[in-house]
Amino acid sequence: MKLILVRHAEPDYSIDSLTEKGRWEAELLSRRLCRLESVTAFYVSPLGRARDTAAYTLHKLGRTAETLPWLAEFRGRCADKETGESRIPWDFRPRLWQAQPLLRDYDRWTEAELVQGGDTAQIWQETTQGLDALLARHGYHRDGGVYRCENNQNDTIVIFCHFAIMAAMVAHLTSISPLNLWQGFCAQPSSVTTMITEERVKGEVVFRCMQFGDLSHLYAGGERHSTAGLYPECYTGRDSTNPPEWDA
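Now for a quick tour of the structure. Here the structure is a predicted model, which means the values were calculated and not measured. (Residues numbered from 1 in each chain as written. Predicted model: local features only at pLDDT ≥ 70, side-chain atom pairs only at ≥ 80, totals over all residues. Heavy atoms only, no water.)

To continue, consider the packing of helix H1 (residues 20-33) against helix H2 (residues 48-61). The contact between H1 and H2 brings their axes to 8 Å, and the two run at 40°. Judged by the angle between their axes, H1 and H2 are oblique. The chirality of how H1 crosses H2 is right-handed. Two secondary-structure elements touch here, H1 through Arg23, Ala26, Glu27, Leu29, Ser30, Arg31 and Leu33 and H2 through Thr53, Tyr56, Thr57 and Lys60. Residue composition of the contact of H1 with H2, by class: four nonpolar, three polar and four charged. (Axes fitted to C-alpha atoms, helices over the stretch in contact; angles between N-to-C directions. Helix = DSSP H or I, 4+ residues; strand = E, 2+ residues; numbered from the N terminus. Parallel < 35°, antiparallel > 145°, perpendicular 65-115°, else oblique. Left-handed = near helix turned anticlockwise from the far one by under 90°. Contact = heavy atoms within 4.5 Å. Nonpolar A, V, L, I, M, F, W, Y, C, P; charged D, E, K, R; others polar.)

Laid out in structure tokens, this is it:
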């Protein structure tokens, strides 16, 4: 089975929709997704920017997507030790999170001091349980770090969502701390991440990442990638105290 995780196109956060560039990104994306074979189901976040991205593909295919509330971005918060204010747990300055090795532990990262003082652990549990329940509907049942499936097929599931929740799903599927993906990987607007099952033992599968944040549909259409949510390559004075707009 293939699990296609799609980040929404370039957002206009002020109206929870897409910019004009984002609409063109969604169009180019739809041309790619419409070529997929054996799409069993489409799922979408309840947030407007994800639904508006999905609409281009769904309209062309005459399909609908089921809305899953837990896909509405990774909503967990924690306490900022410097300001005392609530903050997202997926945008720390590098030295802060690297100084806490526990954050790189899949089983224990929510115990780390840096992510305390909020509902991060609760939302992580909601995310992993939501994903496992979704996969169980398609015949894949989590058993430790693997999934048991009596009839693994070449089906495809497409999920339209957001960067942080997408990275969290990939982390759970591969038993990696999401901090490693949130801080070390980037998936730009309209990008496609592909997870595929590998069945080396009959009835027992794991998920492997074939693509992360792929934007070939934009490049094929002569469109540059969006920089939404991405810090500059070289320092310009923008940091975690005045970050780029995120999917928060």
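Time to look at the environment of valine 170. Considering the arrangement of structural elements, one finds valine 170 in helix H5 (residues 163-174). Linking valine 170 and cysteine 209, residues 39 residues apart in sequence, is a C-alpha distance of 7.8 Å. Discounting chain neighbours no more than four positions away, the residues touching valine 170 are Leu5, Leu181, Thr193, Met195 and Phe212.

What follows is about the pairing of strand E12 (residues 204-214). Across two bridges, strand E9 (residues 146-148) lies against E12 in antiparallel orientation. By the bridge assignment, tyrosine 147 is partnered in E12 with valine 205. (Pairing = 2+ DSSP bridges.)

We now examine the packing of aromatic side chains. Tallying each qualifying case throughout the model produces eight aromatic pairs. Between phenylalanine 42 and phenylalanine 160, the ring centres sit 6.5 Å apart and the planes meet at 20°, which makes this aromatic pair stacked. Within this pair, whereas phenylalanine 42 is found in strand E4 (residues 39-44), its partner phenylalanine 160 is found in strand E10 (residues 156-161), the two being separated by 118 residues in sequence. Among the residues examined, phenylalanine 160 registers a relative accessible area of 1% and is labelled buried. A ring pair is formed by tryptophan 109 and tryptophan 182, whose centres lie 5.7 Å apart and whose planes are at 90°; its orientation type is edge-to-face. Pair noted here: tryptophan 109 is in the loop between helix H3 (94-98) and helix H4 (120-137) and tryptophan 182 is in helix H6 (residues 178-184), with a separation of 73 residues, a long-range link. Of the two residues, tryptophan 109 and tryptophan 182, both sit in the buried class. (Phe/Tyr/Trp six-rings, centres within 6.5 Å; stacked < 30°, edge-to-face > 60°. Buried < 20%, exposed > 50% of the residue type's maximum accessible area, 1.4 Å probe, protein only.)

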